[in-house]
Amino acid sequence: MPFSYGSRQSISRSFLGEFRPSLFLAEAMPLKWVLQWQPNPGTTVNSQILAEVSQCVEGINGVKEGRWKATLTYYKPILRDQAMSPEMPRDFIGMSLPEQPNKYYFTLRSHRIVVESDVSVQNIMEKLQSYKSRVALIFEGFQYQLGDFQLRVGKVVPSHSENLRGIVMEVEYLPISSLEKSRQIMEEFIDIWQEALSKRSLPGHFIHVEPNFSEYGLSDHYTSQHTAVQYATVMAQLIASAQAVSTVRN
Amino acid sequence: MECVVQGIIETQHVEALEILLQGLCGVQKERLRIHELCLKSGPNLGAVPSELRILCDLEQPEPSWTVRHVGGSMRGAGAEQISVLVRPMVESKASKNVLRFFYVLGYKLDHELLRVGFAFHFQRGVQITVTVSSVNKMLKLHATDEALPVTPGMQLVEVTAPATSENYTEVVAAVTSFCEHLAPLLHLSKPGISTGVVPTAAAAAASLMSDGGGTTL
């Protein structure tokens, strides 16, 4: 049966079938969707959910490959006169991603800016003494291979504690770099995944909020800058849900 | 960190300098066309006022961007005894929106320059770069096509070499030794300490031009 993106049967064959490395071109970056766990109203995220999600990936034949880790830092301005507080960005994020160990990414979501630079830029930021780290978060967990898909499930924790702040999941489709061309197959995969996960009756579900990449000057061809923008979007969602929970409590 | 010395040469002798450098370095020159933007922190930003440079390499088919931070030079009796400036320098490549990024962070454009000339990158025990360029100012914001020389008839020569706190004495020695070869044409010294043009330049240039750099100066 020829491969097509059109039917659920085809996608099932694709991700449950053999991994085909020949489809993965070294110069093309596979695209990914970054999903986050959205707890049901009145519930919070906990490590039991993380364990069940990981089991569920293995339950659909995901082969555990190893660990992955990304770090994210929120920067805040150092102001000489705190009373004189001009409009400084509050959503200034710096990120290191495992897929590009020699690069560092900055995002300013409110201004729709993503910048790719060398890791040495962190050194420059330190020397400038104009911004400092407000909070650092770590995303870490396991990576799984599932046919043409690579999944990463990870917890979100502050750098110096084990206090679980969220759960993220990366769904990477290795053969394609075009966001538009892969949209249908990604949607179908997510449907199958949500269906598998729903059998566990967990108090929440994964959501995917796709940023408008063109606002950041990014094209349909996927790059690590797209990943940085997705993480900045995930962080904004996590903060919004945490604020919503505390508002309900108060 | 980096080791650096600078000097000036009259434009009429640049061709001779190029012949000499070609002979000394044994590599082809690279054309240089760099738009340099100097940014300073806004009035209230930062523990101390800060400054950085954003360089756009216009020689590349697709202009490439670099952020550079240069720190205060090494001080003390030891630093004064050497004829080369040693200072911290960090560079990072960046995507093309890096200028807008720093504006949003609260940095302001202080001034901008266009450097046009050539560079030699070569190995002489350590990695050395020599740039010979005319420094141009823009009359209108970012108007690199309408740039005018800051010092007409004069070009800036800069010799730089990357160094670490472990090997800088070795790098300083290599740079000093290399500069001696250029002495008849120009004198190189620490940036900020201008020694002007050298009186032997015209004779040295004439000699180089007559035999294509074959004579040992």
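Small disclaimer: the values here were computed from a predicted structure and weren't measured. (Residues numbered from 1 in each chain as written. Chains lettered and ligands numbered in written order. Predicted model: local features only at pLDDT ≥ 70, side-chain atom pairs only at ≥ 80, totals over all residues. Heavy atoms only, no water.)

Engineer: A description of the overall build of chain B should follow, citing residues and the corresponding values.
Structural biologist: For chain B, the helix and strand inventory stands at five helices and ten strands. The C-alpha radius of gyration of chain B comes to 18 Å, within 12% of the 17 Å expected for a compact globule of 217 residues. Summarising its shape, the C-alpha atoms of chain B cover approximately 55 × 45 × 30 Å along the three principal directions. Across the 217 residues of chain B, 45% fall into the buried class. When contacts within chain B are restricted to residue pairs at least 6 apart in sequence, those whose partners lie at least 24 apart make up 66%. (Helix = DSSP H or I, 4+ residues; strand = E, 2+ residues; numbered from the N terminus. Rg over C-alpha atoms; globule rule 2.2 N^0.38 Å. Buried < 20%, exposed > 50% of the residue type's maximum accessible area, 1.4 Å probe, protein only. Contact = heavy atoms within 4.5 Å.)

Engineer: Can you break down unusual backbone geometry residue by residue, with the values?
Structural biologist: Residue and element names in this part refer to chain A. Positive phi, close to 75 degrees, is recorded for Asn61, a residue that is not glycine. By secondary structure assignment, the location of Asn61 is in the loop between α2 (47-59) and β2 (63-77). Of the residues examined, Asn61 reaches a relative accessible area of 53% and is grouped as exposed. Although it is not a glycine, Gln129 sits at a positive phi angle of roughly 55 degrees. Structurally, Gln129 is set in the loop between α3 (121-128) and β6 (131-146).

Engineer: An account of the pattern of salt bridges is requested, with residue identities and associated values reported.
Structural biologist: Residues and elements named next belong to chain A. For the structure on display, the rule yields 21 salt bridges over all chains. Here Lys32 ties to Glu99 by a salt bridge, and the two come within 2.5 Å at their closest N and O atoms. Taken as a pair, Lys32 in strand β1 (residues 31-39) and Glu99 in the loop between β3 (92-96) and β4 (103-108) lie far apart in primary sequence, 67 residues in all. Under the relative-accessibility criterion, Lys32 is labelled buried at 1%. (Salt bridge = Lys/Arg side-chain N within 4 Å of Asp/Glu carboxyl O.)

Engineer: Go over the side chain of A:Arg152 with me, naming the residues and quoting the values.
Structural biologist: Residues and elements named next belong to chain A. On the secondary structure map, Arg152 appears in strand β7 (residues 149-158). Looking at Arg152, its side chain comes within polar contact range of the side chain of Gln150, at 3.0 Å. Among all residues touching Arg152, those that are not within four sequence positions of it are Lys32, Trp68, Phe142, Gln143, Val168, Met169, Glu170 and Glu172. (Polar contact = N/O pair within 3.5 Å; in protein donor to acceptor, adjacent residues only side chain to side chain.)

Engineer: Describe in detail the interface of chain B and chain A, supporting the description with residues and values.
Structural biologist: Accessible area lost during the coming together of the parts is what is often quoted as the interface size. Of the residues lining the interface, 29 residues belong to chain B; the matching set on chain A comes to 31 residues. With both chains or domains summed, chain B and chain A bury close to 2,500 Å², and 65% of this area falls on carbon and sulfur atoms. Inspection of the chain B/chain A interface yields zero salt bridges. Across the contact surface, chain B and chain A share 16 residue pairs in polar contact (both at pLDDT 80 or more). Class assignment of the residues belonging to the side of chain B that touches chain A gives a composition of 15 nonpolar, ten polar and four charged. (Buried area = accessible area lost by both parts, 1.4 Å probe. Nonpolar A, V, L, I, M, F, W, Y, C, P; charged D, E, K, R; others polar.)

Engineer: Before we move on, could you go through α2(A) and cite the residues and values that matter?
Structural biologist: Residues and elements named next belong to chain A. The terminal C-alpha atoms of α2 lie 18 Å apart, and with 13 residues this matches the ideal 18 Å at 1.5 Å per residue to within 8%. The complete set of buried residues in α2 reads Ile49, Leu50, Glu52, Val53, Ser54, Cys56 and Val57. Residues of α2 that are buried make contact with β1, β6, β7, β8 (166-173), α4 (179-198) and β9 (204-207). Sitting at the head of α2, Asn46 places a side-chain oxygen 3.0 Å from the backbone nitrogen of Gln48. Downstream of α2 by one or two residues, Asn61 has phi in the positive range, about 75 degrees. (Expected span 1.5 Å × (residues − 1).)

Engineer: Explain the environment of A:Leu218 residue by residue, including any values.
Structural biologist: Residue and element names in this part refer to chain A. Its location among the elements puts Leu218 in the loop between β9 and α5 (224-249). On a C-alpha basis, the gap between Leu218 and Ile113 in space is 9.9 Å, while along the polypeptide they are 105 residues apart. Discounting residues that sit within four places of it in the chain, Leu218 has contacts with Val114, Phe213, Gln225, His226 and Val229.

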